Amino acid sequence: MEKDPLRGNASIPMSFPASYQAVGDQLENGQQIRSVSLSSDDDMIDITTTGTTTEHSIHGEEQGSHLTSIKYSGHLGVSGDSDDIPGIGQYDDFHTIDWQRDIARDRMRHRYIIKKKQDSICDLIKGAHDAWSGWVCVLFVGLVTGVVAGVIDIGASWMSDLKYGICPEAFWLNREQCCWSSNETTFDNGNCSQWWTWPEVLRQSREGVGPYIISYLVYIVWALIFAALAAALVRMFAPYACGSGIPEIKTILSGFIIRGYLGKWTLIIKSVGIMLSVSAGLSLGKEGPMVHIACCIGNILSYLFPKYGRNEAKKREILSAAAAAGVSVAFGSPIGGVLFSLEEVSYYFPLKTLWRSFFCALVAAFILRSINPFGNEHSVLFYVEYNKPWIFFELVPFVALGIMGGVVATIFIKANLYWCRYRKVSKLGQYPVTEVLVIAVITAVIAYPNPYTRMNTSQLIFLLFSQCGVSNSDNLCDYNRNFTDVNSAIEKAAAGPGVYKAVWLLVLALIFKLVATIFTFGFKAPCGLFIPSLCLGAIMGRIVGIGMEQLAYNYPHIWLFSGECSTGDDCITPGLYAMVGAAAVLGGVTRMTVSLVVIMFELTGGVRYIVPLMAAAMASKWVGDALGRQGIYDAHIELNGYPFLDSKEEFAHTSLAADVMQPKHSEPLSVLTQDSMTVDDVEILLKETEHNGFPVVVSRESQYLVGFVLRRDLNLAIANAKRTLEGICGQSLVLFVNSVPPQASGPPPLKLKKILDMAPITMTDQTPMETVVDMFRKLGLRQTLVTHNGRLLGVITKKDVLRHVKQMDNEDPNSVLFN
């Protein structure tokens, strides 16, 4: 009989004196009989004893109501519960987890702990620890994520500035920190006398043709070194550390196992690699990989708490909270992180996980804010604040930006997917490090001459977001203005030649960044997509913003600007257009809406701009959905063939369960019988088939269903029995029932009822596939059994469902990756 954590009892053989004993008598081993009861099949007596809470069944012969004799054999010993067999309840690599089974196991464990609470102080403390372990775990995840993010931010900003020069007084300072001690009021291109450019280190002057060539060459060399290091580390130590990681995180959170994807090596190499990739000046960001890094931390720390470490379904609650912390530290946006986890990556998100994600994101943001990596008292480099209200008419250009963002995003997704497919099928895929080096060299050579592509992408976004004021010396702010009073409102002014030059350079930067990101995203080094997308949108938005501003300057009295621009003050903020454009492109690429808007206003502190952001994000999503079905992450999941059942898509076909189930009507079904197969029979079946589990039936003739047993559990249980139990051999009967069949003789039977799932999900062969797909999505099923008039017909696995969906959509059904 299976040990039941609800009651804490198990059926075991027991040494017993030959005479019948009454309730209250002592047994040989000093335990006392608490109760005696007859079981239904009249040859079993349940005797419950004190001491250990185990129920012992012994065979007896009855005459009338008197027990005449008791047959007993063996010695006192527990056959134990399925957890005694090492590895039961775990999963193999590239397999899907069984959500229902894991959640049920956790509930039983929880009830057992609650029941034991009353027994002793020690059990009470264990119960309390179990209750708060989830909060403690997410607290640790938040703390470690905040620290790691701080280290990555500081390292990346120092290494990025290393391409331009060095601080001789303290080499560990980046350019901005080096200039903090300077007394100069204006810096040429952000350089001060304390910061030496590489030509100055080589005893050259700062300006001129020679120094420019030296700077150019040093820039390329550093970019090459950083990119080579990043690609080599990934290649040698952690192949899973490449890319952004978000498509895989989505797949893992939907219940797929990818061993090593969230391991310690991946964490270390991804953290170091993303600093190197960003510093190489490649067109990528570190924000997407932050989510992967946070999930690695969540996975590693969950093993400190067996409740989460040993239960894959429970572990995913911690990983959802970790994903929220990752976005929280990437953008300094805790609420946006929680919404991102809910909207974009999580599959199963109960309310409890929402609160824990909120807490985890809060802790991570607090730690990062305490480290203050950018020295601006904010968690991101491009924090800006606007105070101008927007005019109602501006919703038109904002929506136009949304439409443009959707178009640019669709071009990017289609081109990137084409390139990634080509990489997979061509020889290029065999030389991943070479590809990274070639892209790094080309990017560096083309990026350096244009000041907007030469600078760090985060700094460019900050420049595009910010308003023109007294201190801005960039060409973007070359207006014909006279600043007489620092505190007076900025007046409208005609754009000077510098603005037109800047706009042309920005157009070139837009084209270059778009092309570079297409080739960069998906190569074999850590790379994120958030920052390049924001950058593309910000460039587009700033150009539109400058156009609107000049329109308002030249025609201030037309009805469009409704008198708001006739006062002489600057009524249009180009930086706001950059922000809206950034949200539009990022929304089009990832198809985020709610979380995107919240991240953008947490980034910029501009709550009053929620409506423009919402309008642009919505327009961008609609255009993106109209031009292409999927966002970049879903497209990459499909490209890699991960078994992801998207809950956002409808199943519109009219097939039945009988059309999809395996095997088809003519083929035989591999089953186990409840009490007529030997160990040899079972092992032959395991050798000849590759199924992940087997239905157990009463007999091959009747095909009435008893339960379902997993292949892995069956292998482990047989191996464990051969190792630990005496007398088990190839001729031993394998029993999935409590009672031994009367005709059984020979070696002792192997009882495996404890690994049998007695309540598998079943459905009839006439169930519509719509319902089947919904059950797989909403219950997180691994497989379901198909019956007809109560008899077993076949099995439908998640793989069968995914293949059927692909077939119905006229795609290749064999592209789904499964072991």
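Scroll up a little and you will see the structure.
Note that the structure is predicted; figures quoted are calculated from it, not measured. Sequence positions are assigned chain by chain, starting from 1 and proceeding in written order. Per-residue local features are limited, in this predicted model, to residues with pLDDT of at least 70; the limit for side-chain atom pairs, both in listing and counting, is 80 or more; totals at the level of whole chains, interfaces and linings are taken over all residues. Note that water and hydrogens are dropped before the side-chain values are worked out from all heavy atoms of the structure.

> Describe the overall build of the protein chain, listing the residues and the values that go with them.
Working definition: helices are DSSP H or I runs of at least four residues, strands are E runs of at least two. Numbering for both runs from the N terminus. Of the regular secondary structure elements, the protein chain holds 27 helices and 15 strands. Residue burial in the protein chain is summarised as follows: out of 819 residues, 54% are buried. Partitioning the contacts of the protein chain with sequence separation of at least 6, the portion at a separation of at least 24 is 69%. Per-residue accessibility takes into account occlusion by the displayed protein chains alone, with areas from the Shrake-Rupley method and a 1.4 Å probe. Surface exposure of the protein chain reaches about 36,000 Å², of which carbon and sulfur atoms provide 60%. Only protein chains enter the calculation, and the probe is 1.4 Å; a residue is then buried if its accessible area is under 20% of its type maximum, exposed if over 50%, and partly exposed in between. Any pair of residues with heavy atoms lying within 4.5 Å of one another is described as a contacting pair.

> Pulling in residues and values, what's your account of the pattern of salt bridges?
What counts as a salt bridge is simple: a side-chain nitrogen of Lys or Arg found within 4 Å of a carboxyl oxygen of Asp or Glu. Taken as a whole and judged by the stated rule, the model has 25 salt bridges. Where lysine 315 meets glutamate 312, a salt bridge forms, and the shortest distance between an N and an O atom there is 3.6 Å. Here the residue lysine 315 and the residue glutamate 312 both occupy positions in helix H10 (residues 312-331), the gap between them amounting to three residues, near one helical turn. Assigned by exposure class, lysine 315 and glutamate 312 land together as buried. Between arginine 423 and glutamate 435 there is a salt bridge, and its shortest N-O distance comes to 2.8 Å. Residue arginine 423 is found in helix H13 (residues 395-425), and its partner glutamate 435 is found in helix H14 (residues 432-447); the two are separated by twelve residues along the sequence. Overall, the relative accessible area of 7% leaves arginine 423 in the buried class. One salt-bridge network, in which partners are shared between bridges, spans Asp106, Arg109, Asp130, Lys307, Lys314, Glu317 and Arg356.

> I'd like a description of a nonpolar patch on the surface, backed by residues and values.
Within the patch definition used here, like charges are joined within 9 Å and nonpolar side chains (Val, Leu, Ile, Met, Phe, Trp, Tyr) within 5 Å, considering only residues with over 30% relative accessible area and no salt bridge. Where nonpolar side chains cluster on the molecular surface, the patch consists of Met236, Phe237, Trp265, Ile268 and Val272 and spans about 510 Å² of accessible area. Mapped by element, the contributors of at least two residues to the nonpolar patch are helix H5 (209-237) and helix H7 (264-279). For the nonpolar patch, the element with the highest residue contribution is H7, accounting for three residues. Considering the arrangement of structural elements, one finds methionine 236 in helix H5.

> Give a description of the side chain of arginine 356 that names residues and reports values.
The topology assignment puts arginine 356 in helix H12 (residues 351-371). Every residue in contact with arginine 356, bar those within four places of it in the chain, is listed here: Ala131, Gly134, Trp135, Val138, Tyr308, Glu317 and Ala321.

> Lay out the sheet that holds strand E10 (residues 705-710) in plain terms, naming residues and giving numbers.
Overall, mixed pairing links the three strands, which are arranged E7-E9-E10 in an open sheet. Two strands in the sheet have a free side with no partner beyond their single neighbour: strand E7 (672-673) and E10. DSSP calls a pair of strands paired once it identifies at least 2 bridges connecting them. Pairing of strand E9 (residues 693-697) with E10 involves five bridges; the strand directions are antiparallel. In the strand pairing of E10, glycine 693 is matched with leucine 710. Only the stretch in contact is used when fitting a helix axis, every axis being a line fitted to C-alpha atoms; angles between N-to-C directions are given from 0 to 180 degrees. Of the strands in this sheet, E7, E9 and E10 are in contact with helix H25 (residues 711-724), which crosses E10 at around 80°.

> How would you summarise the state of the cysteines if you had to cite specific residues and measurements?
Throughout, a disulfide means two cysteine sulfur atoms within 2.5 Å of one another. One pass over the full model with this rule turns up two disulfides. Put simply, cysteine 167 and cysteine 178 are joined by a disulfide, and their sulfur atoms are 2.0 Å apart. Taking the sign of the torsion about the S-S bond as the criterion, the disulfide between cysteine 167 and cysteine 178, at about 75°, is right-handed. Note that cysteine 167 is positioned in the loop between strand E5 (165-166) and helix H3 (175-179) and cysteine 178 in helix H3, a separation of eleven residues in sequence.

> An account of the sheet that holds strand E14 (residues 783-788) is requested, with residue identities and associated values reported.
Reading across from one edge, E13-E14-E15 is the order of the three strands in this open sheet, with mixed pairing throughout. Looking at strand neighbours, the two that pair on one side only are strand E13 (762-764) and strand E15 (791-797), the edges of this open sheet. Averaged over all adjacent pairs, the angle separating strand axes in this sheet is 35°, with direction ignored. One ladder, built from six bridges, connects E14 with E15; its direction is antiparallel. Residue threonine 784 lies in a different strand from E15, and its bridge partner there is isoleucine 796. Together, E13, E14 and E15 form the strand contacts of helix H26 (residues 769-779), whose direction differs from that of E15 by roughly 60°.

> Which residues make up the packing of helix H20 (residues 594-604) against helix H21 (residues 610-627), and what values do they have?
Between H20 and H21, the least distance of the axes is 10 Å, while the angle of their chain directions is 140°. Viewed along their axes, H20 and H21 adopt a mutual orientation that is oblique. Considering the relative orientation of H20 and H21, their crossing is right-handed. In contact with Leu596, Val597, Met600 and Phe601 of H20, H21 contributes Ile610, Leu613, Met614 and Ala617. All amino acids are sorted into three groups, where Ala, Val, Leu, Ile, Met, Phe, Trp, Tyr, Cys and Pro are nonpolar, Asp, Glu, Lys and Arg are charged, and the leftover types, Gly among them, are polar. For the contact of H20 with H21, the per-class residue count stands at eight nonpolar, no polar and no charged. By the definition adopted for this analysis, an angle is roughly parallel if under 35 degrees, roughly antiparallel if over 145, roughly perpendicular if from 65 to 115, and oblique otherwise. In this scheme the crossing of two helices becomes right-handed for a clockwise turn of the near helix relative to the far one and left-handed for an anticlockwise turn of less than a right angle.

That's the geometry; what it means functionally is another story.
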